[in-house]
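# A look at the structure
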Amino acid sequence: MHIQIISVGKLKEKYLVQGIAEYVKRLGPYARITLTEVPDEKAPEVLSAAEERQVVAREGERILSHVKDDAHVVALAIGGELWSSEELAAHIDKLGTYGTSHVVFVIGGSLGLSDAVLKRADKKLSFGRLTYPHQLMRLVLVEQIYRAMRINRGEPYHK
Ligand SMILES: C[S@@+](CC[C@H](N)C(=O)[O-])C[C@H]1O[C@@H](n2cnc3c(N)ncnc32)[C@H](O)[C@@H]1O
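The following paragraphs examine the structure supplied in this document. What you see is a predicted model; the values in this text were computed from it and never measured.

Okay, the site of the ligand next. Residues in close proximity to the ligand total 19 residues, the closest being Leu76, Phe127, Gly128, Leu130 and Tyr132. Here an oxygen atom of the ligand and a backbone polar atom of glycine 108 are 3.0 Å apart. Protein chains bury 81% of the 560 Å² of accessible surface belonging to the ligand in isolation. Those elements that place two or more of their residues in the shell around the ligand are β3 (72-82), β5 (123-126) and α5 (134-152). The greatest single-element share of the shell around the ligand, amounting to three residues, is contributed by β3. Across the shell around the ligand, the residue classes tally to eleven nonpolar, eight polar and no charged.

What follows is the structure, encoded as structure tokens:
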């Protein structure tokens, strides 16, 4: 299975770069993982609501330009469905069983995801009602994908 993670902005923090690289390495035997970073829209700190919508829409267009038509898209959204790790594992397993070979996880930028991206998403997944910084979210997500793969293979991992 090809798992692609699309996120907004260049990852800068060294500890996040290293943590993500570690989980991508661990995921090697389970799936092909690709990380796609789209540029964030440069904007002043203070924006009107209309300007914020424009920023999010532009970032959304960049995200969607990397989404293939046949890909199954899971958008990370605070208001999305709440799944356990086992439910995420079961979802990925089911996709593989029914022949989906390309799964895309999408993480928004600091202002979130556009309506167009949310509309394209096949699933909206919430990691709870807390707001995570978008760069940290990438590390949390790769760990959960790794956990899901271990669950699906029946392999031991931290409870
Ligand atoms: C800083 S958050 C954006 C906050 C923005 N106000 C919103 O409501 O989407 C950046 C991105 O990280 C992801 N994210 C942050 N917290 C999340 C959570 N609890 N569950 C799922 N995704 C989350 C989402 O993809 C979000 O677009």
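Taken together, the five strands give an open sheet; going across it, the order is β2-β1-β4-β3-β5, and neighbouring strands pair in parallel fashion. Each end of this open sheet is capped by a strand with a single partner; those strands are β2 (32-38) and β5. Looking at each pair of strands side by side, their axes are set apart by 30 degrees on average, direction ignored. Packed onto the sheet, helix α3 (residues 85-97) meets β3, β4 (102-107) and β5 and runs at close to 160 degrees relative to β3.

This brings us to the packing of α3 against α5. It is at 8 Å that the axes of α3 and α5 come closest, and there the two elements cross at 75 degrees. In terms of axis orientation, α3 runs roughly perpendicular to α5. Touching Ser85, Glu86, Leu88, Ala89, Ala90, Ile92 and Asp93 of α3 are Gln144, Arg147, Ala148, Met149, Ile151 and Asn152, all from α5. Across the contact of α3 with α5, the residue classes break down as seven nonpolar, three polar and three charged.

A few words on helix α2 (residues 49-64). When the terminal C-alpha atoms of α2 are compared, their 22 Å separation across 16 residues agrees well with the 22 Å that a helix rising 1.5 Å per residue should span. Every buried residue belonging to α2 is among Val55, Val56, Glu59, Gly60 and Ile63, and all of these are buried. The arc that holds every buried residue of α2, seen down its axis, measures 135 degrees, which confines them to one face. Seen from the open side of α2, the exposed residues pointing more than 90 degrees away from its buried face are Arg53 and Glu61. Close packing links the buried residues of α2 with β1 (2-8), β2, β4 and α4 (115-120).

What counts, and at which threshold
- Residues numbered from 1 in each chain as written.
- Predicted model: local features only at pLDDT ≥ 70, side-chain atom pairs only at ≥ 80, totals over all residues.
- Heavy atoms only, no water.
- Near = heavy atom within 4 Å.
- Polar contact = N/O pair within 3.5 Å; in protein donor to acceptor, adjacent residues only side chain to side chain.
- Areas by Shrake-Rupley, 256 points an atom, 1.4 Å probe, with all protein chains shown as cover.
- Helix = DSSP H or I, 4+ residues; strand = E, 2+ residues; numbered from the N terminus.
- Nonpolar A, V, L, I, M, F, W, Y, C, P; charged D, E, K, R; others polar.
- Pairing = 2+ DSSP bridges.
- Axes fitted to C-alpha atoms, helices over the stretch in contact; angles between N-to-C directions.
- Contact = heavy atoms within 4.5 Å.
- Parallel < 35°, antiparallel > 145°, perpendicular 65-115°, else oblique.
- Expected span 1.5 Å × (residues − 1).
- Buried < 20%, exposed > 50% of the residue type's maximum accessible area, 1.4 Å probe, protein only.
- Arc of directions from axis to C-beta.

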